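Chain by chain, the residues:
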Amino acid sequence: MGLRLIDLPQEIYQGMPVFPPHQKTMIFPNMSHDESKKKLGFEFATNNLLINEHGPTHSDATYEYDRNGQTIDEMPLEYFYGPAICLDVSRVAPDAYITAAILKEELERSGLHIECGDIVLLHTGHYNRSYGREEWLTRHAGLDYSAGEWLAKHGVVNIGVDAPSIDNPADLKFSGHLICREYGITNTENMCQLDQVVNQRFLYFGLPLKIRKGTGSPVRAVAVLID
């Protein structure tokens, strides 16, 4: 028996696509090896990062969509680490919605089940289809209210997607985030490589940085599979 680790976050780099209202990711040198050797007598190289909490692969604090919610440093770590499954919803068209009926069908097809406290990742196929293209931020499937409510009522604490948002860009009610607010749960967006864990149960790690009063945090999302 062995363990396999599947890396699920996007690469962080200057020029990466970021939701337009958010700070663009900027990475620039702080000190080069030569500068450090001259100043300190030893070679160190360091960079500075300017990044939005919700820019790369990230999880939301409930405070982001609920002013009475918890900030990222206050949220239970169990929301970001624990048992998980991944369902395949890649058949849903980019302009369409992921419904409760679709989730039920895909759960039955997978042979899996959802337990209270689970993390559920949804493979929409959007990363493989559109990352780096203009439609990456503007055209992707998202949860409708029935789907979000169905997951929340099953006790799901974290909903992950390989798209910029759990909401369809055309959904001005932000149904997925609305459910997260109503049930006090989180979501993880901008994931990738979910095709490698689809229809499987595994252990998930996506721990946030302990940002004081943070509205969210970048995460290094990892699936641990036992072969």
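Scope of this entry: the structure provided in the associated data block. Worth saying up front: this structure is predicted, and the values here are computed from it rather than measured.

As for the overall build of the protein chain
On a plain count of helices and strands, the protein chain comes out with 5 helices and 13 strands. Taking 227 residues into account, the globule formula puts the C-alpha radius of gyration at 17 Å, and the protein chain, at 18 Å, falls close to it. Taking the principal axes of the C-alpha coordinates as reference, the protein chain spans close to 65 × 45 × 35 Å. Across the 227 residues of the protein chain, 48% fall into the buried class. Within the protein chain, contacts between residues separated by at least 24 positions form 74% of all contacts whose residues are at least 6 apart in sequence. When the accessible area of the protein chain is evaluated, it comes to approximately 11,600 Å², of which 53% is carbon and sulfur surface. Charge centroids of the protein chain, computed over 20 positive and 30 negative side chains, lie 4 Å from each other.

Some points on the packing of aromatic side chains
A full pass over the atoms with the stated rule returns 5 aromatic pairs. Where Tyr-127 meets Trp-136, the ring centres are 6.0 Å apart and the plane angle is 85 degrees; that geometry is what we call edge-to-face. For Trp-136, a relative accessible area of 1% puts it in the buried group. Site record: aromatic cluster; members linked through ring pairs are Tyr-127, Tyr-131 and Trp-136.

Here we look at the pairing of strand S5 (residues 81-88)
Both S5 and strand S11 (residues 201-205) contribute to a ladder of 5 bridges, which runs antiparallel. Looking across to S11, one finds that Ala-84 is bridged to Phe-202. As paired elements, S5 and strand S7 (residues 119-123) share 5 bridges and run parallel to each other. If you follow Leu-87 over to S7, its bridge partner there is Leu-122.

Some details on the pattern of salt bridges
The final tally for this structure, using the stated rule, is 13 salt bridges. Taking the shortest distance from any N to any O, the salt bridge between Arg-91 and Glu-105 comes out at 3.3 Å. Placement of Arg-91 in the loop between S5 and strand S6 (97-98) and of Glu-105 in helix H2 (residues 100-110) is noted, with a sequence separation of 14 residues between them. Looking at Arg-91, the relative accessible area reads 46%, which means it is partly exposed. Where Arg-109 meets Glu-106, a salt bridge forms, and the shortest distance between an N and an O atom there is 3.2 Å. Pair noted here: Arg-109 and Glu-106 are both in helix H2, with a separation of 3 residues, about one helical turn. With a relative accessible area of 54%, Arg-109 lands in the exposed category. Members of the salt-bridge network, linked through shared partners, are Arg-91, Glu-105, Glu-106 and Arg-109.

Here is what the cut-offs are and how they apply
- Residues numbered from 1 in each chain as written.
- Predicted model: local features only at pLDDT ≥ 70, side-chain atom pairs only at ≥ 80, totals over all residues.
- Heavy atoms only, no water.
- Helix = DSSP H or I, 4+ residues; strand = E, 2+ residues; numbered from the N terminus.
- Rg over C-alpha atoms; globule rule 2.2 N^0.38 Å.
- Buried < 20%, exposed > 50% of the residue type's maximum accessible area, 1.4 Å probe, protein only.
- Contact = heavy atoms within 4.5 Å.
- Areas by Shrake-Rupley, 256 points an atom, 1.4 Å probe, with all protein chains shown as cover.
- Lys, Arg positive; Asp, Glu negative; His and termini not counted.
- Charge placed at Lys NZ, Arg CZ, Asp CG, Glu CD.
- Phe/Tyr/Trp six-rings, centres within 6.5 Å; stacked < 30°, edge-to-face > 60°.
- Pairing = 2+ DSSP bridges.
- Salt bridge = Lys/Arg side-chain N within 4 Å of Asp/Glu carboxyl O.

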